Amino acid sequence: MLLLICPYCGVAAEETELAPGGEAHLKRFGPGSSDAEFEAYLFARKNPKGVHFERWRHAYGCGKWFLAARCTATLEVFGTYPAQTSGPPDDIIDRIKARRPDWKGFA
Amino acid sequence: MSIRLTSGGRLIDRSAPIDFTFNGKHLRGFAGDTLASALLANGQMLVGRSFKYHRPRGIVASGAEEPNALVNLGQGARAEPNQRATTTELFDGLQARSQNHWPSLEFDVGVLNNYAARLLPGGFYYKTFIHPRAAWKHLFEPIIRQTAGLGAAPKDRDADRYEQVYAFCDLLVVGGGVAGLHAALVAARAGARVWLVEQSAHWGGRAPVDGDMIDALPAADWVNATVAELAGMANVTLRARTMAAGVYDHGYVLLDERLADHTPGDGRPRHRLWRMRAARIIAATGAIERPLSFAGNDVPGVMLASALRDYLVNWAVSPGQRTVVVTNNDDAYRTAIALHQAGQTVVAVIDARDQADGALPAQARALGIRVETGKAIARVKGGKHVTGVEVCRQTGDGTISRFLACNAVAMSGGWSPVVHLYSHCGGKLIWDEAGAMFRPDAAHPPITQDGSAMVIGAGAANGALREAIADADAQVRIALKAVGIKPKKSAVPRQDLPDEAALQPVWIMPQAAGVGLRAKVWLDYQNDVKVSDVQLAAREGYGSVEHAKRYTTLGMATDQGKISNINGLAVLAEALNEPVPQVGTTTFRPPYTPVPLGALAGEARGEIFQPLRKTPMDGWHAAQGATFEPVGLWRRPYCYPRPGETPRQAVAREVKNTRQALGLLDASTLGKIIVKGPDAGRFLDMLYTNVMSSLPVGRCRYGLMCNEQGFLSDDGVMARIDDDTWLCHTTSGGADRIHGWMEDWLQCEWWDWQVFTANVTEHYAQIAVVGPNARKLLERLGGMEVSQDALPFMAWADGSLAGFGCRVYRISFSGELSYEIAVPASQGAAFWQACHDAGASLGAMPYGTEALHVMRAEKGFIMIGDETDGTVTPQDLGLDWAVSKKKADFLGKRGQERSHLTSPDRWKLVGFETLDGSVIPEGAYVIAQGSNANGQRHVQGRVTSTYRSPTLGRGIAMGLLLRGPERMGEVVSFNTVDGSTVQARVVGPVFYDRDGEKQNV
């Protein structure tokens, strides 16, 4: 029963208010892409024990999609941020590095 | 025999007698009794039979950890099995029955298992019931099910109600002993929002029983003063009878409050489940005493030393007038002293340690109590109750040195902190050598969302068995600091406690007990697991503690091994020749004690189990006696049977009437999503497989949506409202999902596109007017031009009908002349009635979803969820015409280019006509030659929609068939459940009005 702060409405939303959307920052591959690219886009998902970036929707709240950085092992949340970005913002990266010095960085 | 003493008992009110029954026998207790104390007061030592060997069992403990005294409580609609007598507060008229025996508690046939114990070793089930394989299902399982299980499951519907409440706090303190009370007080004085919960009905925990002094006050007085101060503070919530069942992620805690267990039927909810979010949790849950492992330690009358003390002090009950105390620590001497002070005889204290020179043993000796050091109990004598113990040297093999006659044994193997709440979310434990116990490892706590400790142990639960208040004081300050609250400086209340010498870990008594003794040493009372079973598991390779648990059932069932786990682990460690922390513990999982399913369900039962969506016309349907079916969360009329009609006859009538005269359908559930903005056309071209941006204003177009894999996900009719506005109709069950899907792409992928969406499904009531008389009805209603010229097929127009402002779509899902009319939801019922009134002489009848399905199947129209199952492409369904070849991109286009989806060998949509006119069973497969490795027939297709067509008078079906469209005219076979086959000819999927003339008039 996670608590995630919706970056749009500022509410600390309980998991029952949220809908999960899988891995964040996927790059869409459409017509013209190679089989390998399309396969990676459609099926290949990271499954890290540790730092992970995820999509969540404040489905029973403001309805907005947002992104969350959290640790899959401890459920520690490093931050949430709006979905309109292709990579995690610097302040989130810094916070993760401070908490997880061994983290290899967003790739 | 156990008796009630004539004086004493701090919790009972002798002026308030209470009558209850046990196995039908009328007994009497006092207000303040638990069922356990009342049973003991009535001399009822024997309270149940053990699970496997049906051995006589008595009360061992005085709280939630009790493994033996489980009873069936209540009757009929208030029957509940496996209730712990030790936590059941006595009330007038309580009815309890003991469990797991036949024909009676006193004489039980199952006890034969006891004498066959050598044939029932650990892992017995796994070893015995493997061969022959068929015997498990037909022979062994039925027999085991008959004899297994503890209480009887209730048969009636639960008469009680339950409720759930959300709550929030800065600090949740679990445990109302002195540590929890002090922690709550420090936090409350600092201004924190504090909750303090206690599982029993009383505050103070063990301290008042043990006669502790706090700040020079008797503990009971200190407790009363502290509770009074807390109760007077607005930022404090106190809840007794409330058990913290589990700690979950990010400070979520379930609290089970037993509101009316002790006052059944008084109108209050029986339990209230608090769904708590706590910023920090203090686990001041105390500690549980461990039994000692000696032969016969399960004979009724053998009890935990602390429990015996509780019965004596709290309820003035003496389980035996001649008691032997057996211990490895100083604490148990408190029991000896308490017995002596209550005028009971302490035969001896058998202390496994070579020396016992602490303050408490000294006090006991001074009272004249015999203390024997370096000694052990070799064996307890007695069957249904203790008659004596055989004493031996702890370091020996059990050679008997003396027999002591007694009728109760108080045992203490030390204390185990209650670390459950600390462990539920991943907190780690460390092994404390001095206390021979696992306690919370503050360096590895369960953490919350910011990475800091979520649960903090305090007092005995943190391993501070003695200076509990001082530890709680330190821990609550850490917790408050973490949530940004500054505690006030204050002196720590001083606990005045006698010094205690170290305990000596004793896992088997005597140390070198032979096999004969070990096979009578119980570790887990509830599951009948003995020392010999755990040793056998170790020998057979179950070295992992989790494996050994499952192999032997140690620590399972309703008590989850609260008193047995540590002893079991230690025995396993010894057998494996490994240190205890190396072996580790099994995983602690919620709930701490069982929570009734009723409490977990709360109010979500009966008609409010799930919200029901109703259309504006729902009341009319119900008044007509419609048969309803669920569609998503909606309920829709399936058909409207007339008196004497079966549903099938009603459907046939509705179909025929619609085809021949006039049918009215409540289509309000249809999804309606407005897509608007400068980039709306571009967006819809990405979402739909065909082109929507080119749709002229005033026109409608059927469209398909696919997921990125290229598989169909939804369909519906699009209407272009104005230059930058489109209205998408989705399936009834798909509106919310498709709206979410649109938002996902707009917010997360094309966030620079200027598009708004709005799900307006419930804003409009929609009525389909269908059949040859449809236009006549609209003309009668009057108000707008609905002719073929003014409103041709696949056009829409705004206007009014019979004075109702409406939007009329000329679309058809039945193949008939058809209009779908949307009016504001508030006017839906009135407009629906107006249609029926004006249409009566035109033969208007309502029709339900089944007639809708039959008519669309007659026309070969697909239905999302029937023809599609998430693996079907538009091309599979012959809908290539609705998939744009010109568009550079749309969702699913790349997916559809994959080689498997472009293969000519796909199963494709065709129609099937049975040769004999029968209806192909739903779910039937088209069989092919040969079978697979499992002996199952190969298949080459399946039916997706199959109905009896009232129009054609025979069975019709659609389905997917390998290279189907190339095989027109071929006869194929469908399997059926009874093993026979149905022959059908492959035909086109459109059975009725192939040229589509009827809808376009």
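Fair warning: this is a prediction, and the values are worked out from it, not measured in the lab.

Cut-offs used in this document
- Every residue gets a number counted from 1 within its own chain, in the order that chain's sequence is written.
- For naming, the first written chain is A and the first written ligand is 1, with later ones following in the order written.
- It should be noted that, the model being predicted, local features are given only for residues of pLDDT at least 70 and side-chain atom pairs only at 80 or more, the latter also being counted only at that level, while totals for whole chains, interfaces and linings use all residues.
- The basis for every side-chain value is the complete set of heavy atoms in the structure, and neither hydrogens nor water enter the calculation.
- Helix and strand assignments follow DSSP, with helices taken as H or I runs no shorter than four residues and strands as E runs no shorter than two, numbered in order from the N terminus.
- Exposed residues in this analysis have more than 50% of their type's maximum accessible area, buried residues have under 20%, and partly exposed residues fall in between, with area computed by a 1.4 Å probe over protein chains only.
- DSSP calls a pair of strands paired once it identifies at least 2 bridges connecting them.
- To define axes, lines are fitted to C-alpha atoms, for helices over the stretch in contact only, and angles between the resulting N-to-C directions are given on a 0 to 180 degree scale.
- Whether two residues are in contact is decided by their heavy atoms: any pair within 4.5 Å suffices.
- For the purposes of these results, a polar contact is taken to be a pair of N or O atoms within 3.5 Å, where, inside protein, one atom must be able to donate a hydrogen and its partner to accept one; residues adjacent in sequence count only when each atom of the pair is a side-chain atom.
- The rule for a salt bridge is simple: a side-chain nitrogen of Lys or Arg has to be within 4 Å of a carboxyl oxygen of Asp or Glu.
- Working definition: roughly parallel below 35 degrees, roughly antiparallel above 145 degrees, roughly perpendicular at 65 to 115 degrees, and oblique for all remaining angles.
- Under the scheme applied here, ten amino acids are nonpolar (Ala, Val, Leu, Ile, Met, Phe, Trp, Tyr, Cys and Pro), four are charged (Asp, Glu, Lys and Arg), and all others, including Gly, are polar.
- Residues belong to one nonpolar core when they are buried, are Ala, Val, Leu, Ile, Met, Phe, Trp, Tyr or Cys, and are joined through side-chain atoms within 4.5 Å.

**Q** If you had to explain the environment of Phe51 of chain B to someone new, which residues and values would you point to?
**A** Residue and element names in this part refer to chain B. With respect to the helices and strands, the residue Phe51 is situated in the loop between strand E4 (46–49) and strand E5 (56–58). Of the residues examined, Phe51 reaches a relative accessible area of 28% and is grouped as partly exposed. When the C-alpha atoms of Phe51 and His621 are compared, they prove to be 55 Å apart, with 570 residues separating the residues in sequence.

**Q** Mind laying out the sheet that holds strand E42 (residues 764–770) of chain B, listing which residues take part and the relevant values?
**A** Across a sheet, strands are paired by hydrogen bonds formed along the backbone, either parallel or antiparallel in direction. Residues and elements named next belong to chain B. The mixed open sheet is built from six strands, whose spatial order is E43-E44-E45-E42-E36-E46. A strand with exactly one partner marks an edge of an open sheet, and here the two such strands are strand E43 (796–801) and strand E46 (844–846). The average undirected angle you get between the axes of adjacent strands in this sheet is 30°. Sheet analysis places strand E44 (residues 804–809) next to strand E45 (residues 818–824), joined by three bridges and oriented antiparallel. Bridging from a neighbouring strand, Val808 pairs with Ile821 of E45. Against the sheet, helix H24 (residues 828–839) engages strand E36 (662–666), E42, E43, E44, E45 and E46, with an angle of about 170° to E36.

**Q** A description of the environment of Glu913 of chain B should follow, citing residues and the corresponding values.
**A** All names here are of chain B. Looking at where Glu913 falls in the secondary structure, it is placed in strand E47 (residues 907–914). Between the C-alpha atoms of Glu913 and Phe813, which are 100 residues apart in sequence, the distance is 22 Å. Apart from the residues lying within four places of it in its own chain, the contact partners of Glu913 are Arg954, Gln983, Ala984, Arg985, Val987 and Phe991. Polar side-chain contacts of Glu913 include one of 3.3 Å to the side chain of Arg954.

**Q** Account for the pattern of salt bridges, naming residues and giving values.
**A** Residues and elements named next belong to chain B. Taken as a whole and judged by the stated rule, the model has 64 salt bridges over all chains. In this structure, Asp869 engages Arg942 in a salt bridge whose closest nitrogen and oxygen atoms are separated by 3.0 Å. Of this pair, Asp869 sits in the loop between helix H25 (849–858) and helix H26 (893–896) while Arg942 sits in strand E49 (residues 937–949), and the two are 73 residues apart along the sequence. By relative accessible area, Asp869 is classed as partly exposed at 45%. Here Arg942 falls in the buried class, since its relative accessible area comes to 16%. Here Glu970 and Arg967 are joined by a salt bridge, their closest N and O atoms 2.7 Å apart.

**Q** Give me the lowdown on the packing of helix H23 (residues 774–781) of chain B against H24 of chain B, citing residues and values where you can.
**A** Residue and element names in this part refer to chain B. Relative to each other, H23 and H24 sit at 110°, their axes nearing to 10 Å. In terms of axis orientation, H23 runs roughly perpendicular to H24. For the pair H23 and H24, contact is made by Leu777, Arg780 and Leu781 and by Phe831, Ala834, Cys835, Ala838 and Gly839, respectively. The residue makeup of the contact of H23 with H24, split by class, is six nonpolar, one polar and one charged.

**Q** Describe the sheet that holds strand E20 (residues 322–327) of chain B, naming the residues involved and giving the relevant values.
**A** All names here are of chain B. If you walk across this open sheet you meet the five strands as E18-E26-E20-E21-E22, and the pairing is parallel. Of all the strands in the sheet, just strand E18 (302–304) and strand E22 (371–373) have a single pairing partner and so form its edges. Pairs of neighbouring strands in the sheet enclose a mean axial angle of 20°, with direction left out of account. Contacting E18, E20 and strand E26 (408–412), helix H8 (residues 305–315) crosses the sheet at an angle of about 90° to E18.

**Q** Which residues make up the nonpolar core, and what are the values?
**A** Residues and elements named next belong to chain B. In this structure, Leu35, Phe294, Tyr311, Val326, Val389 and Val409 are the most contacted members of the largest nonpolar core, which totals 94 residues. When near neighbours in sequence (up to four residues on either side) are disregarded, Leu35 contacts Phe20, Val71, Leu73, Ala85, Thr88, Leu90, Leu94 and Ala96. In terms of nonpolar packing, the next biggest core, distinct from the first, is built from 48 residues, Trp195, Trp274, Leu517 and Val531 among them.

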